[in-house]
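Observations on the three-dimensional arrangement
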Amino acid sequence: MGTLYYGDNLDILHRYLKDESVDLVYLDPPFNSAQSYNAFFQEKDGTSAASQIRAFEDTWTWNQESQRVYETLILQPGKVSEVMQAFKTFLGTNDMMAYLAMMCPRLVELRRVLKPTGSLYLHCDPTASHYLKLLLDAVMGAEHFRNEISWKRSQPKSHTTINLPNCRDIILRYTKSEKAIFHMVFGEHDPDYLEKFYRFTDKDGRRYRLGDITNPNKNRPNLTYEFLGVTRVWRWTKARMLKAHKGGIIYQSQPGAIPQEKRYLDKREGQPLSDDWDDSEHLHGANAESLGYPTQKPVALLERIIKMSSNAGDLVLDPFCGCGTTIDAAEKLGRVWLGIDITQLSNTARAERGHHQAHGDRARSPRNARPARDPGGHRLHPQTRRHARRRPVDGNRRRQRGIRGGTEARRRRAACRPTIGGQLR
Ligand SMILES: C[S@@+](CC[C@H](N)C(=O)[O-])C[C@H]1O[C@@H](n2cnc3c(N)ncnc32)[C@H](O)[C@@H]1O
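Residues numbered from 1 in each chain as written. Predicted model: local features only at pLDDT ≥ 70, side-chain atom pairs only at ≥ 80, totals over all residues.

Observations regarding the overall build of the chain
Definition in use: Every helix listed is a DSSP run of H or I at least four residues long, and every strand listed is a run of E at least two residues long, numbered separately from the N terminus. With C-beta atoms placed from the backbone, a residue counts as buried when 20 or more other C-beta atoms lie within 10 Å of its own, as exposed when 12 or fewer do, and as partly exposed for counts between those limits. By the criterion used throughout, residues are in contact when their C-beta atoms, derived from the backbone, lie within 7 Å.
Each helix and strand counted, the chain has 14 helices and 18 strands in total. Burial analysis of the chain (425 residues in total) assigns 33% to the buried set. A sequence separation of at least 24 residues applies to 68% of the contacts in the chain between residues at least 6 apart.

Quick word on the packing of helix α1 (residues 9-16) against helix α5 (residues 95-113)
What counts, and what does not: Lines fitted to C-alpha atoms define the axes, with helix axes restricted to the stretch in contact, and inter-axis angles between N-to-C directions lie between 0 and 180 degrees. To sort the angles, those under 35 degrees are grouped as roughly parallel, those over 145 as roughly antiparallel, those from 65 to 115 as roughly perpendicular, and the leftovers as oblique. Crossings are classed by handedness, with left-handed meaning an anticlockwise turn of the near helix from the far one by less than a right angle and right-handed meaning a clockwise turn. By the convention adopted, Pro, Cys, Tyr, Trp, Phe, Met, Ile, Leu, Val and Ala count as nonpolar, Lys, Arg, Asp and Glu as charged, and the other residues, Gly among them, as polar.
Direction vectors running N to C along α1 and α5 enclose 30°, while the axes themselves pass 10 Å from each other. Put simply, α1 runs roughly parallel to α5. Relative to α5, the crossing made by α1 is left-handed. Contacts from Asn 9, Leu 10, Leu 13 and His 14 of α1 reach α5 at Pro 105, Arg 106, Glu 109 and Val 113. The class makeup of the residues in the contact of α1 with α5 is 4 nonpolar, 2 polar and 2 charged.

Side note on the sheet that holds strand β8 (residues 200-201)
Sheet strands line up and pair through hydrogen bonds in the backbone, either parallel or antiparallel. What counts is decided by this rule: Being paired, for any two strands, means DSSP has found at least two bridges between them.
Taken in spatial order, the 4 strands line up as β8-β9-β13-β12 in an open sheet, and their pairing is antiparallel. Both edges of this open sheet fall to β8 and β12 (250-251), since each of them pairs with a single strand only. As defined by bridge partners, β12 adjoins strand β13 (residues 260-264) across 2 bridges and the pair is classed as antiparallel. Within β13, the residue paired with Tyr 251 across the bridge is Gln 260.

Some remarks on the sheet that holds strand β17 (residues 336-341)
Strand order in the open sheet formed by 8 strands is β1-β17-β16-β2-β4-β6-β5-β15, with mixed pairing between adjacent strands. At either end of the open sheet lies a strand with only one pairing partner, and these are β1 (2-6) and β15 (276-277). Taken together, the 6 bridges between strand β4 (residues 114-124) and strand β6 (residues 168-175) define a ladder with antiparallel strand orientation. Following the sheet pairing, Cys 124 is matched in β6 by Ile 170. This element, helix α10 (residues 325-332), spans β1, β2 (22-27), β16 (315-318) and β17 of the sheet and lies at about 175° to β17.

A short note on the site of the ligand
Rules: For each residue, a C-beta atom is placed from the backbone, and the residue counts as near a molecule or strand when that atom lies within 6 Å of it.
Taken together, 20 residues sit near the ligand, with Asp 28, Thr 295, Phe 320, Gly 322 and Thr 325 positioned nearest. If you list the elements that add at least two residues to the shell around the ligand, you get α2 (50-59) and β17. Counted by class, the shell around the ligand contains 8 nonpolar, 8 polar and 4 charged residues.

Concerning the pairing of β1
Looking along a regular strand, one sees the side chains alternate between the two faces of the sheet. Counting buried positions along β1 gives 5 out of 5 residues, so the element sits mostly inside the fold. A two-sided burial pattern is seen for β1, the buried positions comprising Gly 2, Leu 4 and Tyr 6 on one face and Thr 3 and Tyr 5 on the other. Of the pairings in the sheet, the one linking β1 to β17 comprises 5 bridges and is parallel in character. Bridging across to β17, Tyr 6 finds its partner in Asp 341.

Let's talk about the packing of helix α4 (residues 79-91) against helix α6 (residues 129-140)
Two elements in contact, α4 and α6, have axes whose closest approach is 8 Å; the angle formed by their N-to-C orientations is 155°. Here α6 runs roughly antiparallel to α4, going by the angle between their axes. Crossing hand, α4 versus α6: right-handed. Along its contact with α4, which presents Lys 79, Val 80, Glu 82, Val 83 and Phe 87, the element α6 presents Tyr 131, Leu 134, Leu 135, Ala 138 and Val 139.

Let's talk about the nonpolar core
Where a protein is soluble and globular, its nonpolar side chains tend to be buried together. Our working definition: A set of buried residues qualifies as a nonpolar core if it consists of Ala, Val, Leu, Ile, Met, Phe, Trp, Tyr and Cys joined through C-beta atoms within 7 Å.
In this structure, Val 25, Leu 100, Leu 122, Leu 132, Leu 135 and Leu 136 are the most contacted members of the largest nonpolar core, which totals 63 residues. Tallying contributions element by element places α5 first for this core, with 11 residues. Not counting the four nearest positions on each side in its chain, Leu 135 is found in contact with Val 83, Leu 100, Met 103, Cys 104 and Leu 107.

A closer look at unusual backbone geometry
One non-glycine residue, Glu 20, adopts positive backbone phi at about 45°. Tracing the chain through its elements places Glu 20 in the loop between α1 and β2. For Glu 20, a count of 15 C-beta atoms within 10 Å puts it in the partly exposed group. In this structure, Leu 228 is a non-glycine residue whose phi angle is positive, near 50°. Taking the number of C-beta atoms within 10 Å as the measure of exposure, Leu 228 has 13 and is therefore partly exposed.

Quick word on α4
To keep things clear, this is the line we draw: Any helix carries an expected span of 1.5 Å times its number of residues minus one. What the arc covers is the set of directions going from the helix axis to the C-beta atoms.
Here α4 contains 13 residues, and its C-alpha end-to-end distance of 18 Å stays within 8% of the 18 Å for a straight helix at 1.5 Å per residue. Inspection of α4 places Val 83, Met 84 and Phe 87 among the buried residues, and these make up the whole buried set. Looking down the long axis of α4, one finds its buried residues gathered within 100° of arc, a one-sided arrangement. Across α4 from its buried face, at more than 90 degrees, point the exposed residues Glu 82, Ala 86 and Thr 89. Among the structural elements, α3 (64-75), α5 and α6 are those in contact with the buried residues of α4.

Observations regarding the pairing of strand β5 (residues 145-152)
In this structure, β5 lies alongside β6, joined through 7 bridges in antiparallel fashion. Counted as the bridge partner of Asn 147 is Arg 173 from β6. For β5 and β15, the ladder comprises 2 bridges, and the chain directions are parallel. Bridging across to β15, Trp 151 finds its partner in Trp 277.

What about the confidence of the model for the chain?
For clarity, the cut-off: Per-residue confidence from the predictor is reported as pLDDT, a score between 0 and 100.
On average, the chain scores 80 in pLDDT, and the residues at 70 or more come to 74%. Long-range and interchain partners of residues 34-49, a stretch whose pLDDT sits below 50, account for 43 contacts in this model, where long-range means more than four residues apart. Throughout residues 356-425 the model reports pLDDT below 50, and contacts reaching past four residues in sequence, or to other chains, amount to 118 contacts.

Structure below.
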């Protein structure tokens, strides 16, 4: 269940979202990297995707609007003003500065709508991640920075000769406060690790490793005592040590040897997830999940983030929702969702996922749209163009999904106008 807004997220956030109403924000804004992302669509007649073209062009050019935003931002004393002034000193009025001036007020609004238990994940890439991290330190508080997640986006491409191929994105994770919701995610243990460390098996077949129970802090008089004939500074109190011994989890190889703890594999939930994510399947045209939206992210990535930082029934917001990956993942996981996007073409792609309440009445099928060139004016890679033209709505898939043409399609579209002006539930 959720609400989809069509429009500029700054305006929508300001008008419709109450303070401290959102549990989790994931945003995947345009990255200011002209090469491989942010391909925009142009209709055959060259006109209909004008809002998106405007959004991208204006985003990255310093103009009167950037100047006005900047002046407003620096008026209010504080870290945000300081960091923006520092950026301006360093960058001048270049495209990156224009990008940061676009992002800053949006991040301020996103912090405002987050609950004290909320988290924010900003998906970006190395083009701007270093500036965005400083900006988020100022907006969210440097003490609320949690992780810089490295997400392996694709296999390294070999067509670069002067740089290492770039195949990862960066996801910056911040929380609103210390009280943020967080559920650790566990993966499979590395078989080499198990082989190396979990070398012992009990008579009942339980696999275990041996762990040190001496205390690294040698100045703990209350933890210094004799146990099984050995005097050391231990990690546990004597009472706890005796209980562990009685419970059969202390091992001593021979009299006089330092006792150790038996740590059973079946008591561990798995390998805790690190900040290096290289395990998700990459989206490419042949992937069943691919809708042909150029910057589409895999649902599994969003599911992981949503599971980590929200509970069932919580409100998940994606203010740059593109073709609705976050919406899809939130729906699957029983969260309430809220998506915002400035383009109608992305609405069409979202409708392909089945979120028909999001369908704008003037949205066109991406089959009729083609990506023209990226925001830097470069022609798109032919592969990208082919996918965007080919997918996602051939007749068979439409029928399978119950999407019909003619009157029925018009009726559905009318029933599913974007909820501009709707209220947050
Ligand atoms: C990188 S894409 C997001 C892709 C998305 N994560 C997905 O999986 O489909 C960025 C999106 O931000 C949208 N956008 C750009 N500026 C915006 C603005 N000011 N307000 C709302 N949406 C905006 C673009 O239309 C585009 O769909």
